[in-house]
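Coordinate inspection notes
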Amino acid sequence: MADPHHQGKFITLEGGEGAGKSTQVRAIAERLAARGIETLTTREPGGSAKAEELREVILSGFAKQFSPIGEAMLFSAARIDHLDQTIRPALARGVWVVCDRFMDSTQAYQGALGNIDPRLIKALERVAVGPTRPDLTLILDLPAEIGLARAAARRKKGAAADRFEGEDLEFHQALRKSFLEIAAAELERCAVIDAAQDVDQVSAQIWDEIRRRLLKESV
Ligand code: T5A
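Quick caveat, the model's predicted, so the values are computed rather than measured.

Quick notes on helix α7 (residues 169-185)
Here α7 contains 17 residues, and its C-alpha end-to-end distance of 25 Å stays within 8% of the 24 Å for a straight helix at 1.5 Å per residue. The complete set of buried residues in α7 reads F171, H172, L175, S178, F179, I182 and A183. Viewed end-on, α7 has its buried residues packed into an arc of 140°, placing them on one side of the element. Across α7 from its buried face, at more than 90 degrees, point the exposed residues E170, K177, A184 and A185.

Right, dumping it as structure tokens:
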């Protein structure tokens, strides 16, 4: 059931490591601002005070001690607070929300890669997300090798590897497949973007999707 309090549009970006999500979140916010659309950018795990605290715990590797379902519950707990404190209030005010990762990351990372029964992941999604589902999900798709090389290059500039960047290539290839399956199952909500292109080309492809699907413009 659609959420009657959901006035703004809710856009999420998903994909593997180093796909360029954070870069494109910023680009989307700039384009929307140029249109005079008030926009809030946020991320998961995190996006509210309590969820940011949980982010530290989860990405430090602590959550790895739990089973995949335990880990999925930790991400969902952070998501509940993020929705309550940040996302829903903004959408209710008519603000557009652009979020770096959301529920599909739980389905791909914990669900598919952790071999959790899909019905369990969907049940968790119903509890944590309820009616506040994204209007548009941009799945940034690129070969795992390219994403990992981008993340590694960024680490050379001082950033640390997190819990999932440390996994092997096979893990990241399975992750890519899993995001493409999510997109194929929900074509109306999801758009697959070729993230191997340069930043400006990716940004242009994303903007076409937003214009066509959310602003109802012909492109
Ligand atoms: N997770 C998250 C779960 O397991 N379950 C969940 O439910 C949720 C919500 C989050 C981790 O948590 C997991 C998934 C993640 O492993 P994070 O630190 O937020 O950790 O990591 P990511 O979301 O993966 O974000 P990254 O910062 O690693 O990647 P981005 O945001 O996709 O990429 P970005 O924009 O930072 O770009 C990476 C580098 O590539 C360059 C950028 O300049 C940057 O240096 N770049 C490009 N280079 C060439 N061409 C392009 N088109 C480029 N776009 C960006």
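From this point, the narrative continues.
Quick notes on a nonpolar patch on the surface
Taken together, V57, F62 and F66 make up a surface patch of nonpolar side chains, about 240 Å² in accessible area. Its place among the elements puts F66 in the loop between α2 (49-59) and α3 (68-92). A residue is classified by how much of its surface remains accessible, and F66, at 38% relative accessible area, is partly exposed.

Notes on the site of the ligand
Taken together, 27 residues sit near the ligand, with K21, S22, T23, T106 and R154 positioned nearest. Between G20 and the ligand, the recorded distance is 2.9 Å, taken from a backbone N or O atom to an oxygen atom. Note that an oxygen atom of the ligand is positioned 2.6 Å from one of the side-chain N or O atoms of K21. Relative to its free-state accessible area of 1,000 Å², the ligand is covered by the protein chains to the extent of 84%. Secondary-structure elements contributing two or more residues to the shell around the ligand are α1 (21-34), α2, α3, α4 (103-112) and α6 (144-156). Considering every element that reaches the shell around the ligand, the biggest residue donor is α4, with four residues. Broken down by class, the residue content of the shell around the ligand amounts to seven nonpolar, eight polar and twelve charged.

Observations concerning the pattern of salt bridges
The final tally for this structure, using the stated rule, is 18 salt bridges. A salt bridge links K122 to E125; its shortest N-O distance comes to 3.3 Å. Of the two residues, K122 and E125 both sit in helix α5 (residues 118-129), three residues apart, roughly one turn of that helix. The exposure class of E125 is buried, given its relative accessible area of 7%. When the shortest N-O distance is used, the salt bridge between R133 and E186 registers 3.4 Å. Of this pair, R133 sits in the loop between α5 and β4 (136-141) while E186 sits in the loop between α7 and β5 (190-194), placing them 53 residues apart in sequence. The partly exposed category is assigned to E186, whose relative accessible area is 24%.

Comments concerning the nonpolar core
Residues I11, L13, I28, L138, L140, I206 and I210 are the most contacted members of the largest nonpolar core, which totals 21 residues. Mapped onto this core, the elements with two or more residues apiece are β1 (10-15), α1, β3 (96-100), β4, β5 and α8 (199-213). Considering every element that reaches this core, the biggest residue donor is α8, with four residues. Setting aside its immediate chain neighbours within four residues, I206 contacts Q24, I28, L138, L140 and I193. By size, the runner-up hydrophobic cluster in this structure holds twelve residues, among which are A90, C99, F102 and A128.

Description of the pairing of β1
Of all six residues in β1, six are buried, a share of seventy percent or more. Burial along β1 is two-sided: F10, T12 and E14 and I11, L13 and G15, pointing in opposite directions, are all buried. Where β1 and β3 come together, four bridges link them in parallel fashion. From the neighbouring strand, L13 faces β3, where its bridge partner is D100. Strand direction decides the pairing type here: β1 and β4, joined by five bridges, are parallel. Counterpart to G15 in the pairing with β4 is L140.

Remarks on the packing of α6 against α7
Across the interface, α6 lies against α7 with an axial gap of 9 Å and an inter-helix angle of 115°. For the pair α6 and α7, the crossing hand works out as right-handed. On the side of α6, the interface is formed by A144, E145 and L148, while α7 contributes L169, H172 and Q173. Class assignment of the residues belonging to the contact of α6 with α7 gives a composition of three nonpolar, two polar and one charged.

Rules behind the numbers
Residues numbered from 1 in each chain as written. Predicted model: local features only at pLDDT ≥ 70, side-chain atom pairs only at ≥ 80, totals over all residues. Heavy atoms only, no water. Helix = DSSP H or I, 4+ residues; strand = E, 2+ residues; numbered from the N terminus. Expected span 1.5 Å × (residues − 1). Buried < 20%, exposed > 50% of the residue type's maximum accessible area, 1.4 Å probe, protein only. Arc of directions from axis to C-beta. Patch = residues over 30% accessible without salt bridge, like charges linked within 9 Å, V, L, I, M, F, W, Y side chains within 5 Å. Areas by Shrake-Rupley, 256 points an atom, 1.4 Å probe, with all protein chains shown as cover. Salt bridge = Lys/Arg side-chain N within 4 Å of Asp/Glu carboxyl O. Near = heavy atom within 4 Å. Polar contact = N/O pair within 3.5 Å; in protein donor to acceptor, adjacent residues only side chain to side chain. Nonpolar A, V, L, I, M, F, W, Y, C, P; charged D, E, K, R; others polar. Core = buried A, V, L, I, M, F, W, Y, C linked by side-chain atoms within 4.5 Å. Contact = heavy atoms within 4.5 Å. Pairing = 2+ DSSP bridges. Axes fitted to C-alpha atoms, helices over the stretch in contact; angles between N-to-C directions. Left-handed = near helix turned anticlockwise from the far one by under 90°.

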